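What the coordinates show
Spelled out, the chains give:
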Amino acid sequence: MQDGSFRGAPTAITQTADGYIWIGTNIGLVRFDGVSFVPWSSPAGTQLLDLRVFSLLGTEDGSLWIGTGFSVSRWKDGVLVNYPQLSGRIESLLEAKDGGVWLVRTQITDNKGPLCHIKGSDLQCYGGSDAFPFPFAMQLARSDSADLWIAGYSQLCRWRPGSGQVYFKNLAHHSTDFASLRAIASGRHDEVWAALEQPKVPLQLQRIVHGMTAAVDFPEIKVSNSDVQGLFVDKSNALWIATSSHGIYRSKDQRTEHFGSAEGLSSDATSGFFEDREGDVWVVTSAGIDNFRDLQVASYSIQEGLSAAGASSVLASRDGTLWVGNAKALDMLRDDKFSAIRTGRGLPGDVVTTMFEDHQDRLWVGLDTGLWVYERGRFKAVRHADGSSLGNVFAITEEGQDIWVRAGLKLDRIRDLKLEEELTSPEIKEAFTLAADPSGGLVLGLVDGALMHYRDGEVTSVRADAVGNSQQIRDLLVNADGSVWGTTLDELSYWKDGRRRNLTTRNGLPCGGIFALLKDDRQSIWLYAQCGLIEIERSELSRWLRQPDSVVQVRVLDEFDGARPGLTSLKPQTARTADGRLWFVNGRILQMLDNKRALTNSLPPQLHIENIVVDRHSYAATGDLRLPPLTHDLEVDYTATSFVAPQKVLFKYRLEGHDAEWQEPGTRRQAFYSDLRPGRYKFRVIACNNSGVWSGEGAVFAFTVDAAYYQTAWFKILLALAVLGLLWVLYLLRLQQLTEQMQARLGERLVERERIARELHDTLLQGFQGLMLRFQAVMKSLPQHGEAHRAMEQVLDRADKVLLEGRQRVRDLRAEGMTGDDLPDALANCGKELVEHYATEFSLSVLGMPQRLDPTVCNEIYRIGREALTNAFQHAKASKIEAELTFLGSGPRLVVRDNGQGIDPGILNGGRAGHWGLSGMRERAERVGGTLSIWSHTGAGTELEIKIPGRIAYSHARVAASRRERARRAARNFIGKGDGGG
């Protein structure tokens, strides 16, 4: 594991129920989540009795048991419990069937036995009186029968309370500071392995099954038992052996593998093993910890049998042989064993440029600058008639009975190992990929991206510029229907019926840099690309062909799955053997993918929220955290414990109360927020492992951001009330201002109206009155029964009426100050005056209590009513006229109706030419926000209604009453009292 570093030399390793890996060192504890190492520190007021950790154990109840050089301690739920009554160096820990813990120890200073059992607060140790034969014990193991296997310095004991069986009694006894029994390990089916001290090389171990002991030799392990430091049997029943100076060995099914510093192990000095819940095996070395797991993509290098580190081409033959073009060698893999034909020892050249197998199972090989056929263990050259070589061979294929070779600058046709025809053209010179068309002919891929089809001397092509792509075609795959798949640098291309389509990163490819392609048994296409092996299933390809703009779903095997891609200039770079395995070369090593052996990690990651950082202050992610007001920057640190490929663990998180959807940070293990509003939040995070298995509920952490005083609801309510109050005050002030302006204008109008009324009275009416007196004098001088006397009487009668109307107008000008209380009287007086001159019955009714009205509104109602009464008396020819004044809560209403001749519809709608009575009444009603309605039919009378909304008519009446009164008094003082007679 090369994901970080920690201080101290590692001594032990385990995993707790929460998924964390714990590493014991000679200076303390370290916790590991797959990405970062975090030194463990004890809670305030407590500490380990010794910082030297020699053994560790994670139990099902979530406890971490820590064996130190002085005693044992237990860490659970943030609480550390020490057992100082149990002294000595704790060598090994094992979980008991009853939920307790077994331990063995050395360097004992108390009188208790070396084997102890702890459960809760109960502690019991076992010694010689309990059928336990050793004064000290080094290691613990448990068999399927639940018996304990306990290793002393020189003997092995199979023990259960009350009985014990000792093995290897014939071993020479050594001093207590040197162990003759080097290591033990328990496996399946009651199997136990033991390494006994002996100088013999190679390694020999003791295997005990059902109590029977047998020696097992490991001839491939060239070390002695004295070098063994630890034994371990994993879940697959593989035996692991740790040595003090030769790294580790793994033995399974009679096959042994070695891993040392030359293969990447952190050190050749190893001491122990641990297998986590996902099946990874961890190795403790003197320099660190190393993680071993099965990879989906296996690698074959010189260590596995390749002749050199130059594997650049690969071909699978029908007999099961895998051919690998290597540096100065042609390697063969048969029955998982490598052999090679080397240059100078059977291989007639140095560089294998390409390979092909024909229908007769002959192997065609491009070597250096020539073409060779390998058959029955011998190579035979294919040359020109003059004996010269064909040139550099780039590609070989078979079409019918002919072998076609792209060599030098030409395309050669070979039959019966003889060159029959050579073709050349500018296009052929630029073609470096070649494949046969099952329907007949050849397909050539050109460096400018064009695809050329050759058949019986005819050439058709799909030019690259037709699709805007000029990248070199690197690999071709022709389908049975004649359609073609090909790769360029950044595309997977598909040709059919002269049409080309390109699948790129816009359609879901995870990267460019595509080197080669091939199909597997399920007709999925695999791309050997810069980012690894990319699988596109057949269904996804079909969907993309139907919808070229769609995004395909792909599967990627990258470096964490063992893929180590690379581009070679030689062909072919991929192959598929008859058993379905896929093979790839990258110019150095051979790689294999057994797609039928899918390695799936079915265990979802365990999620943890580790830390909360608020404005550079850290908080533990425990309990219900309350954050201070005005929190600005929030950082949430989370992790997931999955160790198969921690770099491929993907996360999603959501802050409920803030995020509407899940956020996808990829592999990032931090979430950031800024300027959170006060409130209750819940942070939730989930993750998926390297196989895409999600964690379900994940981890949840709730917290609250407190509000500053001005962020509280009460403060906002008070602020809203204050704003409303301020607006109300401003409204009242504005109302007062408008009222004062209105009163000022009203006063000015009163003054002006009084002046006009006085001028009319004092000049026009008085002068008119004088003229009438003169006319009366003239009339008296005329004969009473003469025609002139009668005419003069009629003129004087008419003059009296005009004078009466003038006096009414003057009175109207002086009546501007009505407020509603006197409106009924004013209308009644108007009617009485009209009745004196017309033989018409008049009545006025008042409904409701008279209320004060806005002066302007009251004046307009009066004027409309007076105009309506005057028109009715003068023009309706009615015998009866009624006026009805109503004071309602919704506003005042005045109705004037008569039983006269009615109004012509044309006049009612458009008015009479030169007369403005009806239009004037409508304008007055609109000016004060009222509505005027008139109903009339010829011969059926007329009814007029004026309504004013109460919010207008009553709005300022009471508030401004005193102001109006003062304005009225001021106006009267200015113009004086009385009208001067007449």
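A brief structural summary.

What counts and what doesn't
- Residues numbered from 1 in each chain as written.
- Predicted model: local features only at pLDDT ≥ 70, side-chain atom pairs only at ≥ 80, totals over all residues.
- Heavy atoms only, no water.
- Pairing = 2+ DSSP bridges.
- Helix = DSSP H or I, 4+ residues; strand = E, 2+ residues; numbered from the N terminus.
- Axes fitted to C-alpha atoms, helices over the stretch in contact; angles between N-to-C directions.
- Phe/Tyr/Trp six-rings, centres within 6.5 Å; stacked < 30°, edge-to-face > 60°.
- Lys NZ or Arg CZ within 6 Å of the ring centre and 35° of its normal.
- Disulfide = S-S within 2.5 Å.
- Buried < 20%, exposed > 50% of the residue type's maximum accessible area, 1.4 Å probe, protein only.
- Core = buried A, V, L, I, M, F, W, Y, C linked by side-chain atoms within 4.5 Å.
- Arc of directions from axis to C-beta.
- Contact = heavy atoms within 4.5 Å.
- Expected span 1.5 Å × (residues − 1).

**Concerning the sheet that holds strand β36 (residues 370-375)**
If you trace the four strands from one edge of the open sheet to the other, you get β34-β35-β36-β37, paired in antiparallel fashion. Looking at which strands have only one partner, the edges of the open sheet turn out to be β34 (352-357) and β37 (378-382). The sheet shows a mean angle of 25° between the axes of neighbouring strands, taken without regard to direction. Summarising the sheet, β34 and strand β35 (residues 363-367) pair through five bridges and their orientation is antiparallel. Within β35, the residue paired with F356 across the bridge is W364.

**Focus on unusual backbone geometry**
Residue V201 is joined to P202 through a cis peptide bond whose omega torsion reads 0°. Mapped onto the elements, P202 comes out in the loop between β18 (191-196) and β19 (203-209). Cis rather than trans, the peptide bond between K571 and P572 has omega equal to -15°. One can find P572 in the loop between β53 (555-557) and β54 (574-576). Its identity as a non-glycine residue notwithstanding, D335 has a phi of 55°, on the positive side. Relative to the helices and strands, D335 resides in the loop between β31 (329-334) and β32 (337-343).

**Comments concerning the packing of aromatic side chains**
Under the definition given, this model contains 42 aromatic pairs. Relative to Y153, the ring of F136 lies with its centre 6.3 Å away and its plane at 75°, an arrangement referred to as edge-to-face. Remark: Y153 occurs in the loop between β14 (148-151) and β15 (156-160) and F136 occurs in the loop between β12 (122-126) and β13 (139-142); sequence separation between them is 17 residues. Through a chain of ring-to-ring contacts, three or more aromatic side chains come together here, namely F6, F32, F37, W282 and F643. Positioned over the ring face of Y20 is R31, at 4.1 Å from the centre of the ring. The aromatic ring of W694 is capped on one face by K652, whose charged end is 4.9 Å from the ring centroid.

**Some points on the state of the cysteines**
Counted by the stated rule, this structure contains two disulfides. The disulfide partner of C116 is C125, and the S-S distance across this bridge is 2.1 Å. Between C116 and C125, the disulfide has an S-S torsion of 100° and is therefore right-handed. For the pair formed by C116 and C125, the shared burial category is buried.

**Some thoughts on the sheet that holds strand β42 (residues 431-436)**
Read across the sheet, four strands follow the order β42-β43-β44-β45 without closing on themselves; strand pairing throughout is antiparallel. On the outer flanks of this sheet lie β42 and β45 (458-462), each paired with one strand and no other. On average, adjacent strands in this sheet sit at an angle of 25° to one another, irrespective of strand direction. Relative to strand β43 (residues 442-446), β42 runs antiparallel, the two sharing five bridges. Looking at the pairing, T433 lines up with G445 of β43.

**Description of the nonpolar core**
Within the largest apolar cluster, 36 residues are counted, with the highest numbers of intra-cluster contacts made by L823, L853 and I881. Secondary structure elements with two or more residues in this core: α5 (823-837), α6 (855-875), β67 (880-888), β68 (891-898), α8 (917-927), β69 (931-936) and β70 (942-947). Counting residues per element, this core draws most heavily on α6, at nine residues. Ranked by size, the runner-up nonpolar core spans 26 residues in total, among them I609, V636, F701 and V705.

**Re helix α2 (residues 538-546)**
Given 3.6 residues to a turn, an α-helix orients residues that are three or four positions apart in the same direction. Restricting attention to buried positions, one finds in α2 the residues E540, L541 and W544. Taken down its axis, α2 places every buried residue within 100° of arc, on the same side. In this structure, α2 carries R538 and R546 as exposed residues pointing more than 90 degrees from its buried face. Contacts from the buried residues of α2 go to β47 (484-487), β48 (492-496), β49 (499-503), β51 (525-529) and β52 (532-536).

**Looking at α5**
Taking 1.5 Å of rise per residue, the 15 residues of α5 would be expected to cover 21 Å, and the 22 Å separating its terminal C-alpha atoms lies within 8% of that figure. Within the sequence span of α5, burial applies to L823, P824, A826, L827, A828, C830, G831, E833 and L834.

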